[in-house]
Amino acid sequence: MSEISMGALGLPSEQIAGQLRARILSGGIAAGERVPPVRQLARDLGVATGTVQKAYKQLESEGLLVSRAGGGTRVSAAITAPPVEVLKAARSLAELASGRGLSLDEALAAVRASWPAD
């Protein structure tokens, strides 16, 4: 989980939830995989345990995490990541767009504009 970091924008709990959400939905953290205990992640990030608890609760409410007493917190078994080819293409697009100075919103707009009509 060392890939989780604190940025300058947004509430810390929102930053943590956003980074975990992105890693879960991209397949970076697999279904059924355990996430760090609240205290450990809080210590690693230098934030209060309540901040991490709030992030985990948000992701639980979204159905991304499941907590069990004695079993820790895990990624929901119902989560399915996109195919590997799609993840590779998305990473390539992210690198290209970022390298050209585009924001995430601008890159997403390009994908939406390119999406085939139903």
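In case you missed it, the structure is sitting above this.
Just so we're clear, the structure is a prediction, and the values are computed from it rather than from any experiment.

Let's shift gears to the pattern of salt bridges. Per the stated rule, a full pass over the model turns up one salt bridge. Across the salt bridge formed by glutamate 62 and arginine 21, the nearest N and O atoms sit 2.8 Å from each other. With glutamate 62 in the loop between helix 3 (49–61) and strand 1 (65–68) and arginine 21 in helix 1 (residues 12–25), the pair connects residues that are 41 residues apart, well separated along the chain.

In contact at an axis separation of 8 Å, helix 1 and helix 3 are set at 45° when each is read in the N-to-C sense. It follows from the interaxial angle that helix 1 and helix 3 lie oblique. Relative to helix 3, helix 1 is oriented so that their crossing is right-handed. Counting all contacts with helix 1, which are made through Pro12, Ser13, Ile16, Ala17, Leu20 and Arg21, the residues of helix 3 involved are Thr51, Val52, Lys54, Ala55, Tyr56, Gln58 and Leu59. Classifying every residue of the contact of helix 1 with helix 3 gives eight nonpolar, three polar and two charged.

Looking at the largest pocket, its volume works out to about 480 Å³. Of all the secondary structure elements, the ones that give two or more residues to the lining of the largest pocket are helix 4 (84–99) and helix 5 (104–114). For the lining of the largest pocket, a count of residues per class yields twelve nonpolar, two polar and one charged. Approximately 300 Å³ is the volume found for the second largest pocket. Lining the second largest pocket are Gly18, Gln19, Arg21, Ala22, Arg23, Leu25, Ser26, Leu87, Ala90 and Arg91. Of all elements in the fold, only helix 1 and helix 4 reach the threshold of two or more residues within the lining of the second largest pocket. By residue number, the principal contributor to the lining of the second largest pocket is helix 1, which donates six residues. Taken together, the residues of the lining of the second largest pocket break down into four nonpolar, three polar and three charged.

With 17 residues, the main nonpolar core has Ile16, Ile24, Tyr56, Leu65 and Val75 as its most contacted residues. Of all the secondary structure elements, the ones that give two or more residues to this core are helix 1, helix 2 (38–45) and helix 3. Those residues within four positions of isoleucine 24 in sequence are excluded, and the remaining contacts are Ile29, Leu64, Leu65, Val75 and Ile79.

Glancing now at helix 3. With 13 residues, helix 3 should reach 18 Å at 1.5 Å per residue; the first-to-last C-alpha distance of 18 Å fits that figure. For helix 3, the set of buried residues is Thr51, Val52, Ala55, Tyr56 and Leu59. Buried residues of helix 3, seen end-on, are gathered within an arc of 130° and therefore sit on one face of the element. Helix 3 presents Lys57 and Ser61 as exposed residues on the side facing more than 90 degrees away from its buried surface. On its buried face, helix 3 sits against helix 1, helix 2, strand 1 and strand 2 (72–75). Following helix 3 by one or two positions, glycine 63 has its phi on the positive side, about 80°.

What counts and what doesn't
- Residues numbered from 1 in each chain as written.
- Predicted model: local features only at pLDDT ≥ 70, side-chain atom pairs only at ≥ 80, totals over all residues.
- Heavy atoms only, no water.
- Salt bridge = Lys/Arg side-chain N within 4 Å of Asp/Glu carboxyl O.
- Helix = DSSP H or I, 4+ residues; strand = E, 2+ residues; numbered from the N terminus.
- Axes fitted to C-alpha atoms, helices over the stretch in contact; angles between N-to-C directions.
- Parallel < 35°, antiparallel > 145°, perpendicular 65-115°, else oblique.
- Left-handed = near helix turned anticlockwise from the far one by under 90°.
- Contact = heavy atoms within 4.5 Å.
- Nonpolar A, V, L, I, M, F, W, Y, C, P; charged D, E, K, R; others polar.
- 1 Å grid on protein atoms, 1.4 Å probe; cavity = no way out; pocket = protein on both sides within 12 Å on 5 of 7 lines; lining within 4 Å.
- Points joined across faces, edges and corners; volume = space filled by probe spheres on them.
- Core = buried A, V, L, I, M, F, W, Y, C linked by side-chain atoms within 4.5 Å.
- Buried < 20%, exposed > 50% of the residue type's maximum accessible area, 1.4 Å probe, protein only.
- Expected span 1.5 Å × (residues − 1).
- Arc of directions from axis to C-beta.

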